[in-house]
Amino acid sequence: MSSHQTPVTRSTEPPVDMLPVEDAVDRILSFCPRLPSESRAIDDSVGQVLATDITAPFDIPPHDNTAMDGYAVQSRSTDGATESNPVHLQVIGELAAGYLYNGEVGAGQAVRIMTGAPVPDGADTIVPFEETDEYGLRAPGQEHETIKDVGILKAAGPGSNIRRRGEDVRQGQQVLDAGTVLRGPEVAVLASLGVASVDVIRRPRVAILSTGDELLSPGDAPAPGKIYDSNSYGLSALVTQYGGIPQRFGIAQDTIPALTARINEALETCDLVITSAGVSRGDFDVVKEVLAREGAIDFWTVKMKPGKPLAFGEFEAPDGRRVPHIGLPGNPVSSLLAFELFGRLAIYQMMGRQPQPRPIVRAVADDDIVNTDWRRVYARATLNQDSDGTWHARLTGPQGSGVLTSMALANGYAVCPEDRERIRAGEECDVIMVDWDHPLD
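Because the structure is predicted, anything quoted here is derived from the model rather than measured. (Residues numbered from 1 in each chain as written. Predicted model: local features only at pLDDT ≥ 70, side-chain atom pairs only at ≥ 80, totals over all residues. Heavy atoms only, no water.)

1. What about the sheet that holds strand β8 (residues 149–152)?
One open sheet holds the five strands; their spatial order is β7-β4-β6-β5-β8, and the pairing between them is mixed. The sheet is open, and its two borders are formed by β7 (125–128) and β8, each paired with just one other strand. Across the sheet, the mean angle from the axis of one strand to that of its neighbour is 40°, orientation sign disregarded. Bridge count for strand β5 (residues 87–95) against β8 is four bridges, and the pairing is antiparallel. (Pairing = 2+ DSSP bridges. Helix = DSSP H or I, 4+ residues; strand = E, 2+ residues; numbered from the N terminus. Axes fitted to C-alpha atoms, helices over the stretch in contact; angles between N-to-C directions.)

Next up, the structure:
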């Protein structure tokens, strides 16, 4: 879908009243402090950030234990053992994981032992079943007679197949640092320490509110002149993906009283208010008016396409909290893209994560990307890598701000800078990588 022949009509002078994207990010983050901590059960804390360091109360493992099913023996008792000339040892007991052996292994003796069981006193090595003449005789669930004698088929050196006490964690060791994002491995570490709950930074409660007399909720019957509200549902999903707690406050009519009432309701419980629509220059775009009356406007246009009309400021909650407000554009693509660039970072910072930008790669543009008005263009693209390692970015189709499928098909945003009129097909450009399957990476 190359657009080599597309005429470009570009204003002669760049606009002076629009905020650069990086400045908008800085301004928004300056209004978004880290939230307080809370105590959460470890199995309900995935994606949250540790508020305190975690120190080990004991060694892990707490005892020398066996890494394999086999026999605990003295290594010198196996000297000279071969398959053709086994060394026979007296079996004096059997030990399962979770129990201690009451006794000591002497010369010429062996204790049958299961993986994870503490190594009995006197033993210094584990001979796996595979290296004995009883391998395969004790499959799980099979009846068997107690083995009194075992043949060792291979000499074992000291320490073989033994996990030493404290080889993973030592008592008093700082195991996890404050600021760590809890994933599956970190939760497993906490569980191994016997920790049932931890102090983590609270997830932000994010109010989501759509405005517009033309909007219907999904499930409503279609009506002439009406469209379905996709923004609040898409934004709610992104808030969840990025670790926040979305709270939808429905659809507000395009009147100052209606919008004010909904925002005041949201301020009772929420840490961040997200609205969509009502931020451009139209007669019925009331979000800026309400923000100016009830709160404070910091900025309201950003030098980007799509997404220029973006109002940012803050309200004061009834309890005195400063609650930041991001007023997103109403066009679906503009709304989702602006939230990806700004809302995601705000949520990360509020929940104690580093607000890192997405990774960027250099890619060959497979289509022209046109810039008509001195704004930074974010073109929705599919990003693929050739066998030689070269990245290619192909536009997902028409790039209008109402073409919502262009977002669903994209895994990257190809960027045409403010000072470029066009990225031509075959030229390289920066592409922001977006992995919707792993939004928290």
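Now that the structure is up, let's keep going.
2. A closer look at the nonpolar core
Leu310, Phe339, Phe342 and Tyr378 are the most contacted members of the largest nonpolar core, which has 45 residues in total. Put simply, the parts of the chain that give this core at least two residues each are α1 (21–30), β12 (205–211), α3 (231–241), β16 (272–276), β19 (309–316), β20 (322–328), α6 (332–350) and β25 (412–416). Here this core gets twelve residues from one element, more than from any other, and that element is α6. Other than its neighbours up to four places away in sequence, Phe342 contacts Val21, Ala24, Val25, Ile28, Val302, Met304 and Leu310. (Core = buried A, V, L, I, M, F, W, Y, C linked by side-chain atoms within 4.5 Å. Buried < 20%, exposed > 50% of the residue type's maximum accessible area, 1.4 Å probe, protein only. Contact = heavy atoms within 4.5 Å.)

3. A closer look at the packing of helix α4 (residues 256–267) against helix α5 (residues 287–294)
In the contact formed by α4 and α5, the axes pass within 10 Å of each other and the chain directions differ by 60°. Classified by the angle their axes make, α4 and α5 are oblique. Our pair here, α4 against α5, has a crossing hand that is right-handed. Residue-level inspection shows Ile256, Leu259, Thr260 and Ile263 of α4 in contact with α5, the latter providing Val287, Glu289, Val290, Arg293 and Glu294. Taken together, the residues of the contact of α4 with α5 break down into five nonpolar, one polar and three charged. (Parallel < 35°, antiparallel > 145°, perpendicular 65-115°, else oblique. Left-handed = near helix turned anticlockwise from the far one by under 90°. Nonpolar A, V, L, I, M, F, W, Y, C, P; charged D, E, K, R; others polar.)

4. Some words on α3
For α3, every residue scored as buried is listed here: Asn231, Ser232, Leu235, Ser236, Leu238 and Val239. Along the long axis of α3, the arc covered by the buried residues comes to 165°, so they all point the same way. Along its buried surface, α3 packs onto β12, β15 (245–252), β16, β20 and α6. In the segment just after α3, Gly243 is the residue with positive phi, at about 105°. (Arc of directions from axis to C-beta.)

5. A few points about α4
With twelve residues, α4 ought to run about 16 Å at 1.5 Å a step, and its terminal C-alpha atoms sit 16 Å apart, in line with that. Looking only at α4, the buried set comprises Leu259, Thr260, Ile263, Ala266 and Leu267. Viewed end-on, α4 has its buried residues packed into an arc of 125°, placing them on one side of the element. Considering only its buried residues, α4 is in contact with β12, β15, β16, α5, β19 and β20. (Expected span 1.5 Å × (residues − 1).)

6. Description of the sheet that holds β16
Spatially, the six strands line up as an open sheet ordered β15-β12-β16-β20-β19-β17, and their pairing is mixed. Two strands close off the open sheet at either side, each with one partner strand: β15 and β17 (295–301). Averaged over all adjacent pairs, the angle separating strand axes in this sheet is 20°, with direction ignored. Bridging between β17 and β19 involves five bridges; their strand directions are antiparallel. By the bridge assignment, Thr301 is partnered in β19 with Pro309. Across the face of the sheet, α4 comes into contact with β12, β15, β16, β19 and β20 while running at roughly 165° to β15.

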